[in-house]
Amino acid sequence: MDNEHKKLEHFTATILSDANELSRKILEALEKARKARLAAAKKEIRVRNEREIEAGIAKVKSSTGRLVSQQMMENKRELFAKRGEVARRIAADVRGKLEDWVQTDAYHSWLQEQLAAALEQLPQGSQGVTVYCREQDQQYLAQALQGCARPHQVESSQLIELGGLRLECPGSHMAVDCTLDSSFGDLREHIAEYIGLRLE
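None of the values given here were measured: they were computed from a predicted structure.

> Looking at this structure, I do not really get the side chain of Thr 130. What am I missing?
Take Thr 130: it is sitting in strand 1 (residues 129-133). Overall, the relative accessible area of 9% leaves Thr 130 in the buried class. Residues within four places of Thr 130 in sequence aside, it is in contact with Gln 153, Glu 155, Arg 166, Leu 167 and Glu 168.

The following block contains the structure:
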């Protein structure tokens, strides 16, 4: 009887020991799985946070870039407007001085020099010439041409506002532009180029 009782106790102890070992292994597996899930969750959260941070940084950079670009464009437009105003002031000042100068005797002397220089550019021959000028210069140029051997006529042109003359010789297919209007137009181009308007 005692022997049977000992066998039962040994059997029970063995079963309990196996059960305890199995429980320990199960708990270890569960703990290992829990730690793995926790690590995976932490990694996912970290990756998500990094992505959100990167997205935020990219958004800030994009927004900052747009603001900087807008400010640069605004500064560029402002600079262009200021340069344009400077160019207009210079041109207006030069035009005003030209308008005063054409009222002087020095202008008439210059006008006669331009007429002589224009006639010298024509080939030898008897082709007629037409001189275009302002209405107020018409009489002066007609007198200046009295000694000209070529057939000639002097006509006023609304295209010439500042002064000077334009000589045309249809027979030679030539034209010589000595107008202040053309010179003033070239000067405005040089002014614009000098202060940078052409570089915008």
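> Explain unusual backbone geometry to me, please; I cannot follow it from the model alone.
In the Ramachandran plot, His 173 falls in the positive-phi region, its phi being about 55° despite a non-glycine side chain. Overall, the relative accessible area of 75% leaves His 173 in the exposed class.

> Which parts of the structure should I look at to understand the pattern of salt bridges?
Pairs can form between side chains of opposite charge once their charged atoms are near each other. Under the counting rule described, the total for this entry stands at 9 salt bridges. For the salt bridge of Glu 85 with Arg 88, the shortest nitrogen-to-oxygen distance reads 3.2 Å. Linking Glu 85 with Arg 88, this pair stays in helix 1 (residues 2-101), spanning 3 residues, or about one helical turn. A relative accessible area of 32% means that Glu 85 is categorised as partly exposed. The shortest N-O distance in the salt bridge between Glu 168 and Arg 166 comes to 2.8 Å. Residue classification places Glu 168 among the partly exposed residues on the basis of a relative accessible area of 24%. When salt bridges with common partners are traced through the structure, they connect Glu 85, Arg 88 and Arg 89 into a single cluster.

> Even after reading the chapter, I still don't get helix 2 (residues 105-120), so can you show me in this structure?
One full turn of an α-helix is made of 3.6 residues, so residues set three or four places apart face in the same direction. End to end, helix 2 covers 23 Å across 16 residues, agreeing with the expected 22 Å (1.5 Å per residue, within 8%). Looking at helix 2, one finds that the buried residues are Tyr 107, Leu 111, Gln 114, Leu 115 and Ala 118. Looking straight down helix 2, one finds that the buried residues subtend no more than 100° of arc, so they occupy a single side. Residues of helix 2 that are exposed and point over 90 degrees away from its buried face: Asp 105, Glu 113 and Glu 120.

> Is there a simple way to explain the sheet that holds strand 2 (residues 152-156) in this structure?
The strands that make up a sheet pair up through hydrogen bonds in the backbone, lying either parallel or antiparallel. One open sheet holds the 4 strands; their spatial order is 2-1-3-4, and the pairing between them is mixed. The sheet terminates laterally at strand 2 and strand 4 (174-179), the two strands that pair on one side only. Averaged over all pairs of adjacent strands, the angle between strand axes in this sheet comes to 15°, irrespective of strand direction. Against the sheet, helix 4 (residues 180-194) engages strand 3 (164-169) and strand 4, with an angle of about 70° to strand 4.

> Where do I start with the confidence of the model for the protein in this structure?
The predicted coordinates should not be examined in detail at positions where pLDDT is low. Mean pLDDT over the protein stands at 84; residues scoring 70 or higher make up 89%. By mean pLDDT, helix 1 is the weakest element of the protein at 78, and strand 3 is the strongest at 96.

> Please clarify how the pairing of strand 3 should be interpreted in this entry.
Every regular strand shows the same layout, with side chains that alternate between the two sheet faces. With 4 bridges joining them, strand 1 and strand 3 adopt antiparallel strand pairing. Within strand 3, the residue paired with Val 131 across the bridge is Leu 167. Where strand 3 and strand 4 come together, 6 bridges link them in antiparallel fashion. Among the inter-strand pairings, Gly 164 is bridged to a residue of strand 4, identified as Thr 179. Here strand 3 folds back onto strand 4 in antiparallel fashion, the turn holding 4 residues, of which His 173 has a positive phi close to 55°.

Conventions used here
Residues numbered from 1 in each chain as written. Predicted model: local features only at pLDDT ≥ 70, side-chain atom pairs only at ≥ 80, totals over all residues. Heavy atoms only, no water. Helix = DSSP H or I, 4+ residues; strand = E, 2+ residues; numbered from the N terminus. Buried < 20%, exposed > 50% of the residue type's maximum accessible area, 1.4 Å probe, protein only. Contact = heavy atoms within 4.5 Å. Salt bridge = Lys/Arg side-chain N within 4 Å of Asp/Glu carboxyl O. Expected span 1.5 Å × (residues − 1). Arc of directions from axis to C-beta. Pairing = 2+ DSSP bridges. Axes fitted to C-alpha atoms, helices over the stretch in contact; angles between N-to-C directions. pLDDT = per-residue confidence, 0-100.

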